[in-house]
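Summary of the model geometry
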Amino acid sequence: MNILEKIRLTKIQIEDIKSDINSPDKLEQFRIKYLGRNGLINELFEEMKSVDKSVKAPVGKSLNELKLFAQKIFDEKKSDFEKKNDGMADIDVTLPGRTFNLGSKHLISQALEDISRIFERIGFKVYEGLEIEDEYHNFDALNTPEHHPSRDMQDTFYVKSEVKDKRYLLRTHTSPAQIRIMENQPPPVRVIVPGKCYRNEAISSRSLSMFHQVEGLYVDKKVSFRELKGTLDYFAKEFFGKELKTRLRPSFFPFTEPSAEMDVECYLCKSKGCRICKYTGWLEILGCGMVDPNVFEFVGYDSEIYSGYAFGMGIERTLMIRHGVPDIRMFYENDIRFLKQF
Ligand code: PHE
């Protein structure tokens, strides 16, 4: 067989198998067989070197045509396969979809918002206080002068400061916000202040060195203790969503007179007495009372005309009751299994 015949046969062969090239793998086999460095077409070019000079020109011409022909088929098929890949051809629509988890607000943030809404419904405005306070607002103006024994009730974190004659601290309660608000506006005042507080406490299932409180303050003419009780009852019903019994117990705070603490029925034992409530059947959730006239003195309100009540509740405690959380540390371990439930 002379070389021209071989060229013609190869072309027929290529035409024949063209329709069999139906996958990228087969296309690659085709390329290696015909167009590769050791492929048939290169072999023919080798062979051409030894043909008679007189036929070199026509042989060269048809060999070049063969090469272009094979290359064209290769290019066409290749672009066909690439097009398919751009579309849906390789996507398995029966595979399950990918899910991704949405985050959600932390239980504490949710609670601060819930509580704010509950009080907003009865006319309270929401304020933010300062987390770094001075001694004056955290203690003095709240009727707690320097050597007053009640300063020892709260172990304070002091903050290093360059300011002379003024000590700064991490607020031990949200009550300093009462002072800041009254300093800045005349009565009437009806506000709540949610936020973080800090105390240097031994960490246990019941206490942490950082926790949240919501402070409430209502000052107007003729505000009575009865209104305080009514407001707290309303709150307890709204927040716990069920008929949990509450009770007020006489207590002491330097900035309220008279003072009380509110307890809620123990969620675990339903007031029968257990480890969580220390066998009392009750859990304390807030301190409250009528604003002490001395405090009004500090902010320049006339205590002959105005009276008011204040309260401060511990959020973690309150949530432990609402959701039956047995250990306060669970709020901050950020275990997804815990967080996911809320
Ligand atoms: N600030 C008090 C505390 O941290 C609570 C309180 C607030 C009591 C307002 C009376 C009035 O325990």
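**A few points about the nonpolar core**
- In this structure, Phe-311, Met-313 and Phe-331 are the most contacted members of the largest nonpolar core, which totals 45 residues.
- Of all the secondary-structure elements, those providing two or more residues to this core are α5 (107-120), β6 (210-221), α8 (225-240), β8 (256-265), β9 (282-291), β10 (306-314) and α10 (315-323).
- Among the elements that line this core, the one with the most residues is α5, at seven residues.
- Residues contacting Met-313, with those up to four places away along its chain left out, are Ile-115, Phe-119, His-212, Gln-213, Val-214, Phe-235, Ile-285 and Leu-286.

**A closer look at the state of the cysteines**
- Taken as a whole and assessed by the stated rule, the structure comprises zero disulfides.
- Considering cysteine sulfurs only, Cys-288 is the nearest to Cys-197, which forms no disulfide, with 16 Å between them.
- Under the relative-accessibility criterion, Cys-197 is labelled buried at 0%.

**Some details on the sheet that holds strand β5 (residues 189-198)**
- The strand order across the open sheet formed by seven strands is β1-β5-β6-β10-β9-β8-β7, and the pairing between neighbours is mixed. Lying at the two open borders of the sheet, with one neighbouring strand each, are β1 (125-126) and β7 (246-253).
- By the bridge criterion, eight bridges tie β8 to β9 in an arrangement that is antiparallel. Residue pairing across strands places Ser-259 opposite Gly-289, the latter belonging to β9.

**Quick word on the site of the ligand**
- Around the ligand lies a shell of 14 residues, among which His-173, Ser-175, Arg-199, Gln-213 and Gly-312 are the nearest.
- His-173 places a polar side-chain atom, nitrogen or oxygen, 2.9 Å from a nitrogen atom of the ligand.
- Between the ligand and Arg-199 there is a distance of 2.9 Å, counted from an oxygen atom to a side-chain nitrogen or oxygen.
- Considered on its own, the ligand offers 330 Å² of accessible surface; in the complex 92% of this is hidden by protein.
- Put simply, the parts of the chain that give the shell around the ligand at least two residues each are β6, β9 and β10.
- When residues of the shell around the ligand are assigned to their parent elements, the largest contribution, three residues, is made by β10.

**Looking at the sheet that holds strand β4 (residues 168-170)**
- Spatial strand order, β2-β4-β3: three strands in an open sheet with antiparallel pairing. In this open sheet, the two edge strands, each paired with only one partner strand, are β2 (132-134) and β3 (158-159).
- Where β2 lies against β4, three bridges are found, and the strand directions are antiparallel. Within β4, the position partnered with Ile-132 by the bridge is Leu-170.

The rules behind these values
- Residues numbered from 1 in each chain as written.
- Predicted model: local features only at pLDDT ≥ 70, side-chain atom pairs only at ≥ 80, totals over all residues.
- Heavy atoms only, no water.
- Core = buried A, V, L, I, M, F, W, Y, C linked by side-chain atoms within 4.5 Å.
- Buried < 20%, exposed > 50% of the residue type's maximum accessible area, 1.4 Å probe, protein only.
- Helix = DSSP H or I, 4+ residues; strand = E, 2+ residues; numbered from the N terminus.
- Contact = heavy atoms within 4.5 Å.
- Disulfide = S-S within 2.5 Å.
- Pairing = 2+ DSSP bridges.
- Near = heavy atom within 4 Å.
- Polar contact = N/O pair within 3.5 Å; in protein donor to acceptor, adjacent residues only side chain to side chain.
- Areas by Shrake-Rupley, 256 points an atom, 1.4 Å probe, with all protein chains shown as cover.

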